[in-house]
Amino acid sequence: MTTPAQVPEIETGAGLHARIEAAARARSRLVNRPLTGTVASLAAAATAWREDTELARALPSVARLDPTMVAALLPLVAEALDADAMAALVESELGTRASARPAPTEVALVAHVLASNVPALALPAIALSCLTGAAVVVKSGRDDPLSALAFQRALAAVDPDLAATVVTAYWPGGAPELEEVLLARADVAVLTGGEPALAALARRVGGRLVTHGPRLSLAAVGRDGLEEADRVAHAIAIDVALYEQRGCLSPRAVYVESGGGLPPRDFAERLAATLDGLAERLPLVSPSLEERALARILRDGSDWTPGTAVLSGRGGTVVYDEDPSFRPTLPPRSLRVHPIASLTALPGLLPAAQIECVGLAGGDPRALVPALREHGVSRLCPAGRMQRPPLTWPRGQHAPLGALLGHPGLPRCTVET
Amino acid sequence: MTTALPLEAELTAAIEVTARGGPALDFEAWAVRIFAHQFERNAPYRTVCERRGVTPSVVARWEDVPPVPTAAFRQHELTCGPPEAIFRTSGTTAGPATRGAHLVPHLDLYRASALAAFREFVLPDGVRPSSLFLLPSPARRPESSLVRMCAWVGETLGSRHDWFLGEGGLETERLLQQLGERAERGETVLLAGPTAAFADLFDACRARRRTLRLGPGSRVMDTGGAKGLRRPLSRAGFLRECWTHLGVAGYSCVNEYGMTELCSQRYDSALVDRFRGRNLAPRRLLAPPWLRTRVVDPDTLELVPPGATGLLCHHDLANAGSVSVVLTEDLGRTVGDDGIEVMGRVAGALPRGCGLLLAEPGSG
């Protein structure tokens, strides 16, 4: 018997097709069930998944993360599937008292192709699909073929009927027969990953297509935020370190308002020191040769650039950079700190349609929302919470359930407090 | 009494003597002397060296000379004197501000180095080919170091030459016509340019069902590798297509590895190995005696073990007029005791290189 910690075996197209058909039949048996049951089961499964010791043991090596990091991440992923939060999402998107009613019926099958950059992307994918009343098939990425399977097993333990509507699959990529089975029948295909992979898969999608390509994030610190510089530096360091900066919610730059209690350059030094300290608690995995080369290129390039200072230590690389233009860093645990006269100037510095999230410390988020929304930003949250997206996060500015149901609505930018 | 020559002129003469089979250059002595020269005349370089506590008085070995990252060429005018030419790196997505500039104060030194190495590795049999360059002309791209080098090759080492990259990209019809005429006459042809331009030529041949058989001794020099390619093309695939579409055997196909920031280049060993009776030696990139390459660990900049992969750091004496030691964003490894293999650019580093000449035919 397969345990949650084992990488699933590669199957045939016929085998995958049969499992998808079975999930579709299981879904038809739930059409009259109120969503409250689905919400409760998903939340209970997430709680059990968080405690899965086999998963915690096996995930570090496949996801190339330190065990300490995985132990820190699992609760953060699970907390997004909080029952109250899911019920609130359902009510806000599907209408008052929607939780008490059966799920919508217009979408029968959602297919997700998950990226490899960060683990456990399967949980929100499965949860959102279940909340739309669809059967769901999730193809995991190379660096985490385990989480989806572990979650399905946790769900089967609390709600076998709902778990039967979930299909988890994994193959290393470049398997046309399996991709055809996965994508051709789905009413909605949600593709996450790099541009070449998205382009190759998108051509084969038979139903509606939702894509999530590469995006970046940043943090911003207002003058009032600098009054708690140590706390803010720690919060941003956490946002940088979690997931080793592999995700679209990882900050690659910090904009710090000048004229506060701490000069931006001093804040950069404090952030570098905080990253060093954090590396004791959340150790970096050994970087690859390419990652080490990128760090060298960043350090040496910055060393030769006027107006910059390189503050690198064992916890990462911070480049203080007086040039405010947004130039994301590439090595693990690295970012630029830019001084900025006023946070109101921030949106004008950002490239359009490339920034997903802004982590704020101080300043007035609501004053920034209109301009950031125009630039494609979907989420403003407190610094330190960038890696804890709620299920309500309108990824790509789309309503989470609406995007699957075919009515994503106007571009959204939420403010979390 | 000897006349005191400027260092660059003296080095130019030494390179020419070495290239003619004269006494070998004393690389270390030149490296130390050139560092002192650059430290004195190149202010941005001196500033960084002083910050690191490296002065001519503490540099005793060629390996001690501080490297300069390619990124520095985007920020500073790294020259020891008024430039006779400014060469700029290619790049399409990041804009002109991110293009590096190599200011060359003594073009004769670049010319001597480039021609000597080309003659050694691409024309070791002394043939004077008819040269067709899949590149824009020097008038259209005066800031391309590759174009400048090819112009010298065409003028000095060839019988006649022409350029085939126009405003609209590769001038396929004219090129195929000229190649066809030369093939009919059995002329020895040198076909040179970015790998990406060759890929376009192969596609054109395939689309027209055109197969050429270039004259005896014809050869190909390509550069840039995968940069700018519109479709994947492995090295083995490239060599196969050279044979299929042009009738040029793999051992007559010489890959060049060069950089705007360097006045010397490395070349595929295949042709020179054949002429030296070393047919079984592995393909590798060879350098003239005045260019050395260290493969270094990105963290420490210390040498990695032989054959291990690391960052490439070139020490080019012919760069005497700017900075001699250039730390690249390329990964590679040593092959044997005289060659290297380039594995490619570090993923995520800014795109650059002559392969992108195709993507920006109208610039410059």
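Placed above this text is the structure.
The structure reproduced in this document is the subject of the present report. (Residues numbered from 1 in each chain as written. Chains lettered and ligands numbered in written order. Predicted model: local features only at pLDDT ≥ 70, side-chain atom pairs only at ≥ 80, totals over all residues.)

Our focus in this paragraph is the nonpolar core. Residue and element names in this part refer to chain A. The biggest cluster of nonpolar side chains holds 234 residues, and the ones touching the most others in it are Val254 and Leu271. For this core, the two domains that each supply at least three residues are domain 1 (13-214) and domain 2 (216-386). Residues within four places of Val254 in sequence aside, it is in contact with Leu218, Ala219, Val221, Ile236, Leu271, Leu335 and Val337. (Core = buried A, V, L, I, M, F, W, Y, C linked by C-beta atoms within 7 Å. Buried ≥ 20, exposed ≤ 12 C-beta atoms within 10 Å, placed from the backbone. Domains from an automatic or database assignment. Contact = placed C-beta atoms within 7 Å.)

Turning to the pairing of strand β15 (residues 325-335) of chain B, a few remarks are in order. Residues and elements named next belong to chain B. A large share of β15 lies buried, amounting to 9 of its 11 residues. Relative to β15, strand β14 (residues 310-316) runs antiparallel, the two sharing 5 bridges. Note on β15: the bridge partner recorded for Leu311 is Leu331. Two strands pair when backbone bridges link them, and β15 and strand β16 (residues 339-345) are joined in this way by 6 bridges, in the antiparallel orientation. Bridge pairing links Thr334 to Ile340 in β16. (Helix = DSSP H or I, 4+ residues; strand = E, 2+ residues; numbered from the N terminus. Pairing = 2+ DSSP bridges.)

Turning to the sheet that holds strand β3 (residues 166-169) of chain A, a few remarks are in order. For sheets, the rule is that strands pair by backbone hydrogen bonds, running either parallel or antiparallel. Residue and element names in this part refer to chain A. Strand order in the open sheet made by the 5 strands is β3-β2-β1-β4-β5, with parallel pairing throughout. Each end of this open sheet is capped by a strand with a single partner; those strands are β3 and β5 (208-212). Neighbour to neighbour, the strand axes of the sheet diverge by 15° on average, direction disregarded. Two elements, strand β1 (residues 109-113) and strand β4 (residues 188-192), share 4 bridges in a ladder whose sense is parallel. Bridging from a neighbouring strand, Val113 pairs with Leu191 of β4. Strand contacts of helix α1 (residues 13-28): β1, β2 (135-139) and β3, with the helix running at about 150° to β2, the strand carrying the most contacts. (Axes fitted to C-alpha atoms, helices over the stretch in contact; angles between N-to-C directions.)

Given a rise of 1.5 Å per residue, 13 residues ought to cover 18 Å, and the 17 Å separating the end C-alpha atoms of helix α5 (residues 145-157) of chain B matches this to within 8%. Taken together, the buried positions of α5(B) are occupied by Ser145(B), Leu146(B), Val147(B), Arg148(B), Met149(B), Cys150(B), Ala151(B), Val153(B) and Gly154(B). (Expected span 1.5 Å × (residues − 1).)

All names here are of chain B. Taking 1.5 Å of rise per residue, the 13 residues of helix α7 (residues 195-207) would be expected to cover 18 Å, and the 18 Å separating its terminal C-alpha atoms lies within 8% of that figure. Three or more residues of α7 are buried, namely Thr195, Ala196, Ala197, Phe198, Ala199, Asp200, Leu201 and Phe202. Those residues of α7 hidden inside the fold are in contact with β6 (165-166), β7 (169-170), α6 (172-185), β8 (189-194), β9 (219-223) and α8 (235-246). One or two positions beyond α7, positive phi appears at Arg209, with a value near 50°.

Turning our attention to the sheet that holds strand β12 (residues 379-382) of chain A. Residue and element names in this part refer to chain A. Pairing is mixed across the open sheet formed by 8 strands, whose spatial order is β8-β9-β10-β7-β6-β11-β12-β13. Strand pairing shows two members of the sheet lacking a second neighbour, β8 (308-313) and β13 (414-415), which therefore form its edges. Helix α12 (residues 264-281) rests against β6 (216-221), β7 (251-257), β8, β9 (316-321) and β10 (334-340) of the sheet, and its axis sits at about 175° to β9.

Before going further, it helps to spend a moment on the packing of helix α1 (residues 7-19) of chain B against helix α4 (residues 107-121) of chain B. All names here are of chain B. Where α1 meets α4, the closest approach of the two axes is 9 Å, and the angle between their N-to-C directions is 15°. It follows from the interaxial angle that α1 and α4 lie roughly parallel. Of the two elements, α1 crosses α4, and the hand of that crossing is left-handed. Packed against α1, whose contacting residues are Glu8, Leu11, Thr12, Ile15, Glu16 and Ala19, the element α4 presents Asp108, Leu109, Ala112, Ser113, Ala116 and Glu120 at the interface. Class assignment of the residues belonging to the contact of α1 with α4 gives a composition of 6 nonpolar, 2 polar and 4 charged. (Parallel < 35°, antiparallel > 145°, perpendicular 65-115°, else oblique. Left-handed = near helix turned anticlockwise from the far one by under 90°. Nonpolar A, V, L, I, M, F, W, Y, C, P; charged D, E, K, R; others polar.)

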